Structure formats: structure tokens, C-alpha cells
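The primary structure of each chain is shown beneath.
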Amino acid sequence: MSVNLTRRWFIGGAASFAGLGLAPVRLFAGQATGRLIARFGVVSDIHFSVDEGLVYYPDHGEETLVKALEFFRERNVDGVVICGDLADRSLGEELMGVGRAWERVFPNDRAPDGHHVEKLFITGNHDWEGHTYGFNARRVFADETERARHIVRNDLKGWWDRAFHEEYRPIWLKQVNGYSFVGANWILDRGSKGDFNPGLEDFYGANGMRLDPSQPFFHLQHPPPRNTCFAPWGGSNDAGVSTRILSRYPNAMAFSGHTHYTLTDPRFIWQGAFTSVGCSSLRGTGVAPDELFSRERFVRAVGMPQYRQGMLVDVFEDHIDFERRDFRSGLPLGETLTMPLPAAEPKPFAYAERAKRFAAAEFAADATVAVA
């Protein structure tokens, strides 16, 4: 089949294939130095799944997550971020599976050398209401009363404590090697114009003075802050509250999931008033359909479950490195990307700055591309 690609698709979408080995993408290659202060792993959208008889779906259970965690353990991380959708059908047994995988790799939250590894986990929409999506939860627990006992949202504090041995808090603040991490769980208030966590403004109002605006801190939430990193699927952005809040902090760095979008597209990082980073997914990773496919055809033709992506993030005194990985193949996804600290103009990951470094593609008038 021959397909005419528009210039808009080429500039925005073709970059996503560069990290697959067709062409290297390096947005910034500074001569950064400085001492490594913190290292953490980042994954999102695990979608740990159980089916009838509480049997874990092949490749959607512990093994995929364990492989990623073992890589982070080998690299001696100080913490691990999971940016939501730990469970697929919002069943407690799915959270328990994530907890077992963690204990296999980091028993008692410890690395092999004995240092503490911080859990930096938040919930997503599937953890909150995945049991309402189709009839999936009914297949596991047909009886409505019995099913209610297993739904995470009905006893979030209890399931969270049993799975992760820590207190569940809607929004939390943790420290890792002197850096602050704010985690905002998905708590969808249908009456608050789509806000995924209506307590965010109050939390930053009460705790914002504890965040040094001259130093980076890390904000974790499931949906991307509105109008930041690329989000191809509809409904991926929050209602704009986090964008407004984080814009007060030029050194804030938001990590989000939800879109399942590939880390091979440089648009997974956005820089503006703050920095926003999309985390891709450990299950169902894809690229934007754009003009090539409708979403339905895209999912069927490309096969979203084949990629397992995540990152290793190194925080130095004067820069941050993003090492992108595919955990199915065990291979890097392009070169390590570097962002200078503290945030200063010109921002290397700002879309306007990147546009200066990319030349527009040109094709012959009769050019076509064969897609197989």
C-alpha cells in the first residue's frame, strides 16, 4: 500500500521512529559536569491484570515489572517512580501483585548493599475506576457483593497498606537524597470540571514554601499537565490546574503517564514555564496514529502491547540525564538526553528551540511511502 504522508505527520510523527534505530535523536549535548546526587527509575501504566480464577494474564503480571525493577536495582537507584495505572481492573489482587514484584527485587525496600530504595508510586484512572470499564471486573468476580470487596477504591487505604506497607495519602511529599517528590494520586471528582485530584491547589498552598524555587523538584501525576508533553489520545490532559500551579516553579519537573506514548519521539519532553516529561508505559506502548491510522486501526495494525518502555533518571549538580530503555528487548531507546540545571534560557527541550535545529523535510512531488 502506498500512503502520502503530510508534512505535519513527518515533522511530528516520523521523529518517533528515529529512536528505533533509523536515525539518532540528540536534542542537547552539553559538556555537563558535576556530582551525581540522585538516581531513580521511572515506569508507568503497568496495568497488572488478573482474570477469572485470579490468574494473571501472561506478560501482564509480575515478570514484566520484575525485569524493569531488576534493571533499576543493577543501576543502584535511590527510588522508583510508577506514574499510575498499577492495576488494570482496579482490583486489590492486582495491587498485591505489584507489591510482590517489588518485594522480590527490593525486599523491605532495600537494595543489595542495604541502602533504602524509596517507593514513589501513585494511582491512575484504572486504579480508581478500572472496574467500570466494560465487564472486565465481572469476569473475575461475578457476584456484585463479592466484587465490591475486591475493588481498590472501596478500601484504598487498606489495599495500599497491604500491598506496599505504607500509608496511602491522596497527595504526598517525600525526600530522596535532598530532592522533593510530590505525588498526586488520581481522585477523579466528576463535579470539579475534570480535575483528576481536586486537592492539588490546597496542597501546594500549604506546602509550597517547603519547595526551593531555585532547585529542581519532581511532581508525579498520571495525566500529563495540560498543553505540555505530547499526548495523542483524547482526554489525556488534566483540567489545567497542575499546569497553573507548576508554572510558579521554573525548576519543577512533572512526570506523567496515561498516554502510553513512545519515548522515541522527542516530544515526550516539554519545556516551558516548567518541564513536563511523559513516561510511556510498561504495557501497551504506541505511537500517534495521526493521519496514518484511525485509533482502532492503529491498535489492531501496530499491536500496542509489544513495547515495554521506561527511564533511568540521573540528577547531577548541574544537569539531568534521561536514559530511555525498552525492557522487553533490554536495549536503549536512542541516546541519553541531557537537560542543564538550573532551568535557564534558552531551554533545550522547548519546542521553539527544537524547531530551530530541525530542517523541514522535502520530497519529490510524486514521492510515496510503502507501508507493510
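As shown above, the structure is provided for reference.
Residues numbered from 1 in each chain as written. Predicted model: local features only at pLDDT ≥ 70, side-chain atom pairs only at ≥ 80, totals over all residues. Heavy atoms only, no water.

Participant: Before we go on, may I ask you to explain the overall build of the chain in this structure?
Facilitator: The number of helices and strands found in the chain is 12 helices and 15 strands. The buried share of the chain, reckoned over its 372 residues, is 56%. (Helix = DSSP H or I, 4+ residues; strand = E, 2+ residues; numbered from the N terminus. Buried < 20%, exposed > 50% of the residue type's maximum accessible area, 1.4 Å probe, protein only.)

Participant: I keep staring at the packing of aromatic side chains and nothing clicks. Help me out?
Facilitator: Where two aromatic rings form a pair, the distance of their centres and the angle of their planes describe that pair. Under the counting rule described, the total for this entry stands at 20 aromatic pairs. When the ring of W160 is compared with that of Y168, the centres are 5.8 Å apart and the planes differ by 65°; the resulting orientation is edge-to-face. Given the relative accessible area of 2%, W160 is considered buried. Through pairs of rings, three or more aromatic residues link up here, namely W102, F106, F121, W160, F164 and Y168. K174 extends its terminal NZ or CZ atom over the ring of W172, reaching a point 4.9 Å from the ring centre. (Phe/Tyr/Trp six-rings, centres within 6.5 Å; stacked < 30°, edge-to-face > 60°. Lys NZ or Arg CZ within 6 Å of the ring centre and 35° of its normal.)

Participant: When you look at the sheet that holds strand β6 (residues 179-184) in this model, what are you seeing that I'm missing?
Facilitator: Working definition: the strands of a sheet are paired by backbone hydrogen bonds and lie parallel or antiparallel to each other. The strand order across the open sheet formed by 6 strands is β5-β6-β7-β8-β10-β9, and the pairing between neighbours is mixed. The two strands at the open ends of the sheet, each matched to only one other strand, are β5 (171-176) and β9 (269-271). The mean angle between the axes of side-by-side strands here comes to 20°, regardless of whether they run parallel or antiparallel. As defined by bridge partners, strand β8 (residues 252-256) adjoins strand β10 (residues 275-278) across 4 bridges and the pair is classed as parallel. Note on β10: the bridge partner recorded for F255 is V277. On the sheet, helix α9 (residues 200-207) packs against β5, β6 and β7 (217-220) and is oriented at approximately 45° with respect to β5. (Pairing = 2+ DSSP bridges. Axes fitted to C-alpha atoms, helices over the stretch in contact; angles between N-to-C directions. Contact = heavy atoms within 4.5 Å.)

Participant: What's the story with unusual backbone geometry in this structure? I'm lost.
Facilitator: The phi angle of most residues is negative, glycine excepted, and most peptide bonds adopt the trans form. Put simply, L341 and P342 share a cis peptide bond, and its omega is -10°. Positionally, P342 belongs in the loop between β14 (337-340) and α12 (351-357). Here N227, not a glycine, exhibits a phi torsion of approximately 60°, which is positive. Within the secondary structure layout, N227 lies in the loop between β7 and α10 (241-246).

Participant: For this particular structure, what's the right way to read the nonpolar core?
Facilitator: If you look at soluble globular proteins, the nonpolar side chains tend to sit buried side by side. F72, V80, L95 and Y204 are the most contacted members of the largest nonpolar core, which totals 56 residues. Counting residues per element, this core draws most heavily on helix α3 (residues 62-74), at 6 residues. Residue contacts for V80: discarding those within four places in its chain leaves G41, L69, F72, W102, F106, V117, E118, K119, L120 and F121. Within the second largest apolar cluster, 31 residues are counted, among which are V176, L220, M253 and M311. (Core = buried A, V, L, I, M, F, W, Y, C linked by side-chain atoms within 4.5 Å.)

Participant: Explain α9 to me, please; I cannot follow it from the model alone.
Facilitator: Two residues of an α-helix separated by three or four positions point the same way, owing to the 3.6 residues in each turn. Those residues of α9 that fall on the buried side of the exposure criterion are L200, F203, Y204 and N207. Projected onto a plane normal to the axis of α9, the buried residues spread over an arc of 90° and lie on a single side. Looking at α9, the residues exposed on the side facing more than 90 degrees away from the buried face are D202 and G205. Contact partners of the buried residues in α9: β5, β6, β7 and α10. (Arc of directions from axis to C-beta.)

Participant: Could you clarify how one ought to interpret the environment of Y168 in this entry?
Facilitator: Mapping Y168 onto the fold places it in the loop between α8 (156-164) and β5. Residue classification places Y168 among the buried residues on the basis of a relative accessible area of 6%. Between the C-alpha atom of Y168 and that of K157, which follows or precedes it by 11 residues, the distance is 5.2 Å. In this view, Y168 contacts L156, K157, W160, N185 and I187; residues no more than four positions away in its chain are not counted.

Participant: Would you mind showing me how to read the pairing of strand β12 (residues 319-326) here?
Facilitator: Side-chain direction in a regular strand flips from residue to residue, so the side chains alternate between the two faces of the sheet. With 8 of 8 residues buried, β12 is to be regarded as a mostly interior element. Burial of the side chains of β12 extends over both faces: H319, D321, E323 and R325 are buried on one face and I320, F322, R324 and D326 on the other. With 7 bridges joining them, strand β11 (residues 309-316) and β12 adopt antiparallel strand pairing. Each residue of the ladder has a partner; that of L312, found in β12, is E323.

Participant: Would you explain the side chain of E93 in this entry?
Facilitator: Relative to the elements of secondary structure, E93 occurs in helix α4 (residues 92-105). Buried and unpaired, E93 has R149 as its nearest opposite-charge partner, separated by 7.4 Å. A distance of 2.6 Å separates polar atoms of two side chains, one belonging to E93 and the other to H150. (Lys, Arg positive; Asp, Glu negative; His and termini not counted. Salt bridge = Lys/Arg side-chain N within 4 Å of Asp/Glu carboxyl O. Polar contact = N/O pair within 3.5 Å; in protein donor to acceptor, adjacent residues only side chain to side chain.)

Participant: Whenever I open this one, the pattern of salt bridges confuses me. Can you help?
Facilitator: Where charged atoms from two side chains of opposite charge approach closely, those side chains can pair. Following the criterion strictly, the structure yields 17 salt bridges and no others. Ionic pairing is found between E63 and R104, a salt bridge with its closest N-O pair at 3.1 Å. Linking E63 in helix α3 with R104 in helix α4, this pair joins segments that are 41 residues apart in sequence. You can call E63 exposed: its relative accessible area is 51%. Taking the relative accessible area as the measure of exposure, R104 reaches 45% and is therefore partly exposed.

Participant: Got a minute to help me understand the state of the cysteines in this structure?
Facilitator: Put plainly, a disulfide is one covalent bond tying together the sulfur atoms of two cysteines. A full pass over the atoms with the stated rule returns 0 disulfides. The cysteine C279 is free of any disulfide, with C83 supplying the nearest cysteine sulfur at 4.1 Å. By relative accessible area, C279 is classed as buried at 1%. (Disulfide = S-S within 2.5 Å.)

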